[in-house]
Amino acid sequence: MLRRHNPILRQRLLQPLQAGDIKGLQDILANLKSMDFKTAGFLLAEELLPTINEALFWECFTTIVPTNPKAYLGTFLKGAVALHRQGALTLTHEALSVYSQSGISTIDCRKVLEALLPLARKHEEITFLLRHFTADVQQRITLLLRITTLPAAYALFQEMKTMEEDSSLLRSTCLALMKRGDAQAFRLASICTSYFGLEELPGTFSLTLQPYELSRLDQSYETFKACFN
């Protein structure tokens, strides 16, 4: 059972963080027993990492996580999410680029994307994350299908454009959007059905775009937003 409160352990973890002593923090974590290690992960993710500045966070991330991703990645991603919600962490930091080149596994790449992609509020952030953590179009489409933000919708549209000759993939993607069922998913499915000239999709769409509006989809994210809304 996870112990969520341990004042002594909390203070032990806090001291090196306050001092910027990353090696000290790493040594403490490496020598904890199983039960205390689980508590330490909870305390770091929920209480301690969200209190430090971005530079220190990313230095901790790139130093500690690669030593044992299975043990540390989830903890630090939770901390990243908390910091981002406070407006204290950017998703295009060079540390993520460095980490992506450290030989991380496909599974860990997916974990990073599943945690950080839903946070992105700029299409540049999604582009950065996808470029560094996946090279597979199908995987990118699968990930983006789950996210309901407008930047994700634009990124999904861009990915579909790279597969314009694969009508089967385009159709299955639109069907997956319709199955997702929210208003944004239906709007994007409608846009893509018209843009790619897809036929025989079940259901009817309330959103229809004129040819001149379809041509604007290619211009920029801003024009995409205008058509989408």
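Look up: the structure comes first, before these words.
Being a predicted model, the structure only gives us computed values, none of them experimental. (Residues numbered from 1 in each chain as written. Predicted model: local features only at pLDDT ≥ 70, side-chain atom pairs only at ≥ 80, totals over all residues. Heavy atoms only, no water.)

**Q** Provide a residue-level description of the packing of helix α3 (residues 34–48) against helix α5 (residues 69–85), including the pertinent values.
**A** The interhelical angle for the contact between α3 and α5, taken along N-to-C directions, is 25 degrees, at an axis separation of 8 Å. Here α3 lies roughly parallel to α5, going by the angle between them. With respect to the hand of their crossing, α3 and α5 are arranged in right-handed fashion. Touching Phe37, Gly41, Leu44 and Ala45 of α3 are Ala71, Tyr72, Thr75, Lys78 and Gly79, all from α5. (Axes fitted to C-alpha atoms, helices over the stretch in contact; angles between N-to-C directions. Helix = DSSP H or I, 4+ residues; strand = E, 2+ residues; numbered from the N terminus. Parallel < 35°, antiparallel > 145°, perpendicular 65-115°, else oblique. Left-handed = near helix turned anticlockwise from the far one by under 90°. Contact = heavy atoms within 4.5 Å.)

**Q** So, empty space enclosed by the protein: which residues are in play, and what are the values?
**A** As enumerated under the stated definition, the model contains 1 cavity of 30 Å³ or more in all. Lining of the largest cavity is provided by Leu29, Phe37, Ala40, Gly41, Leu44, Ala71, Tyr72 and Thr75. Listing elements by their share of the lining of the largest cavity, those giving two or more residues are α3 and α5. Here the lining of the largest cavity gets 4 residues from one element, more than from any other, and that element is α3. (1 Å grid on protein atoms, 1.4 Å probe; cavity = no way out; pocket = protein on both sides within 12 Å on 5 of 7 lines; lining within 4 Å. Points joined across faces, edges and corners; volume = space filled by probe spheres on them.)

**Q** Go over the pattern of salt bridges, please, and point to the residues and values.
**A** Counting across every chain of the model gives 8 salt bridges. In this structure, the salt-bridge partner of arginine 10 is glutamate 47, at a minimum N-O distance of 2.7 Å. Note that arginine 10 is positioned in helix α1 (residues 7–19) and glutamate 47 in helix α3, a separation of 37 residues in sequence. Using a relative accessible area of 26% as the deciding quantity, one classes glutamate 47 as partly exposed. Among the ionic pairs, arginine 110 bridges to glutamate 114, the shortest N-O distance being 3.3 Å. Highlighted residues: arginine 110 and glutamate 114, both in helix α7 (residues 106–116), separated by 4 residues, approximately one helical turn. (Salt bridge = Lys/Arg side-chain N within 4 Å of Asp/Glu carboxyl O. Buried < 20%, exposed > 50% of the residue type's maximum accessible area, 1.4 Å probe, protein only.)

**Q** Could you give an account of helix α11 (residues 167–180), with specific residues and numbers?
**A** Here α11 spans 20 Å end to end across 14 residues, near enough to the 20 Å set by a 1.5 Å rise per residue. Taken together, the buried positions of α11 are Leu169, Leu170, Thr173, Cys174, Leu177 and Met178. Contact partners of the buried residues in α11: α9 (137–145), α10 (150–162) and α12 (183–195). In the stretch just after α11, glycine 181 is the one whose phi turns positive, near 90 degrees. (Expected span 1.5 Å × (residues − 1).)

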